[in-house]
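The lines below spell out each chain.
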There are 2 protein chains.
Amino acid sequence: MNVPVPVTDPDDPRLADYTGLTDVALRRRREPADGLFMAEGDKVIRRALDAGYPMRSMLLTSRWAEAMADVAAATGAPVYLVDEALAEHVTGYHVHRGALAAMQRTPLPPPAGLLATARRLVVLEAVNDHTNIGAVFRGAAALGMDGVLLTPDCADPLYRRSVKVSMGTVFSLPYARLPHGPGHLDAVREAGFRLLALTPDPRARDIREVAAEEAGARTALLLGAEGNGLSARALAAADVRVRIPMAHGVDSLNVAAAAAVAFFALAEPRPEP
Amino acid sequence: MNVPVPVTDPDDPRLADYTGLTDVALRRRREPADGLFMAEGDKVIRRALDAGYPMRSMLLTSRWAEAMADVAAATGAPVYLVDEALAEHVTGYHVHRGALAAMQRTPLPPPAGLLATARRLVVLEAVNDHTNIGAVFRGAAALGMDGVLLTPDCADPLYRRSVKVSMGTVFSLPYARLPHGPGHLDAVREAGFRLLALTPDPRARDIREVAAEEAGARTALLLGAEGNGLSARALAAADVRVRIPMAHGVDSLNVAAAAAVAFFALAEPRPEP
């Protein structure tokens, strides 16, 4: 029986994993350095566990202790019971989902595994917004992409906001980090992928035409950040530049919508469930 | 010459249009009632004017007076010059884009015009989130839909947040309100549109198959709110229920991404620029 431990002192060192959750700058440094990420809410916590991430501890208010008792029993991780005021004092915000878990990161696999098995990859370059990372993962998982490769300057898919926006798909869709520097796409090409760069450039080819040519091929779709788009280097490395045809003089979609449309356009017919 | 009028009293009645902009509940009641909407920032103000909305007044900080002088001259509307502290005091937030305009709403046309001319319509049911309304308009404009019909319980496309997220497309893409109550879709059907209801229901038909059948037809795509989706009444009124095929066990996309994918799937080939 894993008995929750009441904690009343906000400076209790056992709560250290949960401090300053609203300080994005602090947390984005600290969480990877400490091998830590936060899962918030019943569903997300269970999805993180199902994906194989070990639990370090849970922080619960009393009304959540019972609902999470099975998780506490299954993991054996310490459970700290706090009142709502203390939870807010420690984390910096009103924890309206009532349950927080500090999860242990696992070593990120090298890209080789994905490069060996995937047919449809997303390559994100310098996408440093947690909301956009989460939204791209959700769309990629929903629309049949097999995995995500991220340049080192992309935001963390396991950051709390990314996890939430992704609806937990950051746990289920495989991803890996590409190496720094020039030639970072070489391994993708050498693994047999055609590199498609998504751009609003009207000189690029209509993604519908290119998608038809990609049937049966292994394809990596390169996406850049909102605003800046892909780097000149990524555009130069691509085999083909593709665009989503635009109407009414609109020049772009937001990253999440553009990514979803591109994933849909590239999706291979799948057996229906 | 339209000379800016310095204002230093936050209670000056000439600033009444600009008070309490962060109070969403207040503004969503007051703006339609007062025939008013807010345009924020140089680009959005100009787009609203280009779309034919009359200007009631502008509220500018000094460093924006010169940049907006041509707009002031062209409209003849009063320009109130305030310092940043006063702007923040009146509006409730830091006006980082430096220029605000109170614009006059124009009478919304009845749906008949759109129903007579459009080939691809979006019908939004009870989408009451301003961000989602803005995102749907941006996607609809970019991806070639001809206009939007909104049930009376949809959020206001001219609310500040909707305008911003839409990138100003709420000004350029025609829209109209449907009547209240049962039979609200009758006029759409009677105008010759096939009604397609977008749903995550796995029993619905793959939108790719249905889109192929819609080539040359007049099509209205019904979208519901995040979470609740379309009402039973709307689903029953539809000619066909369509779904975006989902992978990896994901059950849905967010409204903006789902809408963008559906618009893309239904887009008719257009002459390239």
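Residues numbered from 1 in each chain as written. Chains lettered and ligands numbered in written order. Predicted model: local features only at pLDDT ≥ 70, side-chain atom pairs only at ≥ 80, totals over all residues. Heavy atoms only, no water.

Peer 1: Please provide a residue-by-residue account of the relation of the copies chain A and chain B, values included.
Peer 2: For the pair chain A and chain B, the superposition axis carries a translation of 0.0 Å, the fit reaches an RMSD of 0.1 Å, and the rotation angle comes to 180°. Read as a symmetry element, the transformation amounts to a two-fold axis. Taken together, the interface assignments show that 100% of the residues at the interface of chain A recur at the interface of chain B, consistent with an identical surface on both copies. (Least-squares fit on C-alpha atoms with pLDDT ≥ 70 in both. Contact = heavy atoms within 4.5 Å.)

Peer 1: Residues and numbers for helix α7 (residues 130-142) of chain A, please.
Peer 2: Residue and element names in this part refer to chain A. Between its terminal C-alpha atoms α7 stretches 18 Å, which fits the 18 Å expected from 13 residues at 1.5 Å a residue. Of all the 13 residues making up α7, 12 are buried; the element is thus mostly covered by neighbouring parts of the structure. Here α7 has its buried residues at His 130, Asn 132, Ile 133, Gly 134, Ala 135, Val 136, Phe 137, Arg 138, Gly 139, Ala 140, Ala 141 and Ala 142. The positive-phi residue at the C-terminal boundary of α7 is Gly 144, with phi of around 85°. (Helix = DSSP H or I, 4+ residues; strand = E, 2+ residues; numbered from the N terminus. Expected span 1.5 Å × (residues − 1). Buried < 20%, exposed > 50% of the residue type's maximum accessible area, 1.4 Å probe, protein only.)

Peer 1: Report on the domain arrangement of chain A, specifying residues and quantitative values.
Peer 2: Residues and elements named next belong to chain A. Domains assigned within chain A are domain 1 (5-104) and domain 2 (112-266). Using only C-alpha atoms to locate each centre, domain 1 and domain 2 end up separated by 32 Å. Facing the 17 residues of domain 1 at the interface are 12 residues of domain 2. Per-residue buried area on domain 1 facing domain 2 is highest for Arg 28, Phe 37 and Arg 47; these three make up 32% of the total on that side. Among the ionic pairs, Arg 160 bridges to Glu 40, the shortest N-O distance being 3.4 Å. (Domains from an automatic or database assignment. Buried area = accessible area lost by both parts, 1.4 Å probe. Salt bridge = Lys/Arg side-chain N within 4 Å of Asp/Glu carboxyl O.)

Peer 1: Explain the interface of chain A and chain B to me, and be specific about the residues and the numbers.
Peer 2: Taken together, the contacts link 33 residues of chain A with 33 residues of chain B. Carbon and sulfur atoms supply 61% of the area that chain A and chain B bury against each other, a total of about 2,500 Å² over both sides. Among the residues chain A hides against chain B, the three largest losses belong to A:Arg138, A:His248 and A:Phe264. Together they make up 25% of the total. Here chain A and chain B share eight residue pairs in polar contact (both at pLDDT 80 or more) between them. Mapped by element, the contributors of at least two residues to the side of chain A that touches chain B are α7, α11 (207-214) and α13 (255-266) of chain A. Residue classes in the side of chain A that touches chain B are distributed as 19 nonpolar, six polar and eight charged. (Polar contact = N/O pair within 3.5 Å; in protein donor to acceptor, adjacent residues only side chain to side chain. Nonpolar A, V, L, I, M, F, W, Y, C, P; charged D, E, K, R; others polar.)

Peer 1: Pulling in residues and values, what's your account of the sheet that holds strand β11 (residues 219-223) of chain B?
Peer 2: All names here are of chain B. Pairing is parallel in the open sheet, where seven strands are placed in the order β8-β7-β6-β11-β9-β12-β10. Pairing within the sheet leaves two strands with one partner each, and these edge strands are β8 (175-177) and β10 (205-206). With five bridges connecting them, strand β6 (residues 120-124) and β11 associate as parallel partners. Directly across from Leu 121, in β11, lies its bridge partner Ala 220. Contacting β6, β9 (194-198) and β11, helix α13 (residues 255-266) runs over the sheet at an angle of about 165° to β11. (Pairing = 2+ DSSP bridges. Axes fitted to C-alpha atoms, helices over the stretch in contact; angles between N-to-C directions.)

Peer 1: With reference to specific residues and values, describe the packing of aromatic side chains.
Peer 2: Residue and element names in this part refer to chain A. In total, this model carries nine aromatic pairs over all chains according to the counting rule given. Between Phe 37 and Tyr 53, the ring centres sit 4.9 Å apart and the planes meet at 80°, which makes this aromatic pair edge-to-face. In this pair, Phe 37 sits in strand β2 (residues 36-40) while Tyr 53 sits in the loop between α2 (42-50) and β3 (55-60), placing the two residues 16 residues apart along the sequence. For Phe 37, a relative accessible area of 0% puts it in the buried group. These aromatic residues form a ring-pair network of at least three members: Phe 37, Tyr 53 and Phe 171. Taking NZ or CZ as reference, Arg 160 lies 4.3 Å from the ring centre of Tyr 93, over its face. (Phe/Tyr/Trp six-rings, centres within 6.5 Å; stacked < 30°, edge-to-face > 60°. Lys NZ or Arg CZ within 6 Å of the ring centre and 35° of its normal.)

Peer 1: Report on the sheet that holds strand β12 (residues 240-243) of chain A, specifying residues and quantitative values.
Peer 2: Whether parallel or antiparallel, the strands of a sheet pair through hydrogen bonds between backbone atoms. Residue and element names in this part refer to chain A. Taken in spatial order, the seven strands line up as β8-β7-β6-β11-β9-β12-β10 in an open sheet, and their pairing is parallel. Each of the sheet's edge strands pairs with one partner strand only, and the pair in question is β8 (175-177) and β10 (205-206). The strands that α7 touches are β6 (120-124), β7 (147-150), β8 and β11 (219-223); relative to β6, the one it contacts most, it runs at about 175°.

Peer 1: I'd like to hear about the pairing of strand β9 (residues 194-198) of chain A, residue by residue, with values.
Peer 2: Residue and element names in this part refer to chain A. Within β9, four of the five residues are buried, which leaves the element mostly enclosed by the surrounding structure. For β9 and β11, the ladder comprises four bridges, and the chain directions are parallel. When the sheet's bridge partners are listed, Leu 195 is paired in β11 with Ala 220. Relative to β12, β9 runs parallel, the two being bridged by three bridges. Bridge assignment links Leu 196 to a residue of β12, and that residue is Val 240.

Peer 1: Can you break down the environment of A:Trp64 residue by residue, with the values?
Peer 2: You can see A:Trp64 is positioned in helix α3 (residues 62-65). In this structure the C-alpha to C-alpha distance between A:Trp64 and A:Arg97, which are 33 residues apart in sequence, comes to 8.9 Å.

Peer 1: Tell me what's going on with the environment of A:Asp9, and back it up with residues and numbers.
Peer 2: Residues and elements named next belong to chain A. Relative to the assigned elements, Asp 9 resides in the loop between β1 (5-6) and α1 (24-34). Owing to a relative accessible area of 38%, Asp 9 belongs among the partly exposed residues under this scheme. In sequence terms Asp 9 and Gly 147 are 138 residues apart; their C-alpha atoms lie 43 Å from each other. Setting aside residues up to four positions removed in sequence, Asp 9 forms contacts with Leu 15 and Leu 86. A polar side-chain atom of Asp 9 sits 2.8 Å from the main-chain amide nitrogen of Asp 11.

Peer 1: Let's hear about α2(A): which residues, and what values?
Peer 2: All names here are of chain A. Residues of α2 that are buried include every one of Val 44, Ile 45 and Ala 48, and no others. Projected onto a plane normal to the axis of α2, the buried residues spread over an arc of 100° and lie on a single side. Away from the buried face of α2 by more than 90 degrees, exposed residues Lys 43 and Asp 50 are located. In this structure, the buried residues of α2 make contact with β2, β3, α4 (69-75), β5 (99-104), α8 (160-165) and α9 (169-172). Gly 52 sits one or two residues past α2 and shows a positive phi near 100°. (Arc of directions from axis to C-beta.)

Peer 1: Please provide a residue-by-residue account of the packing of helix α7 (residues 130-142) of chain B against α13(B), values included.
Peer 2: Any two packed helices are characterised by the angle at which their axes cross and by the distance between the axes. Residue and element names in this part refer to chain B. Interaxial distance between α7 and α13 falls to 9 Å at its minimum, and their mutual angle equals 20°. In terms of orientation, α7 and α13 fall into the roughly parallel class. Relative to α13, α7 is oriented so that their crossing is right-handed. Along the contact surface, α7 presents Asn 132, Ala 135, Val 136, Gly 139 and Ala 140, while α13 presents Val 255, Ala 256, Ala 259 and Phe 263. When the residues that make up the contact of α7 with α13 are grouped by side-chain class, the tally is seven nonpolar, two polar and no charged. (Parallel < 35°, antiparallel > 145°, perpendicular 65-115°, else oblique. Left-handed = near helix turned anticlockwise from the far one by under 90°.)

Peer 1: An account of the packing of α11(A) against α13(A) is needed here, citing residue identities and associated values.
Peer 2: All names here are of chain A. Running from N to C, α11 and α13 cross one another at 40°; their axes reach a closest spacing of 9 Å. One finds that α11 runs oblique with respect to α13. Two secondary-structure elements touch here, α11 through Ile 207, Ala 211 and Glu 214 and α13 through Ala 262, Ala 265 and Leu 266. Within the contact of α11 with α13, the residues separate by chemical class into five nonpolar, no polar and one charged.

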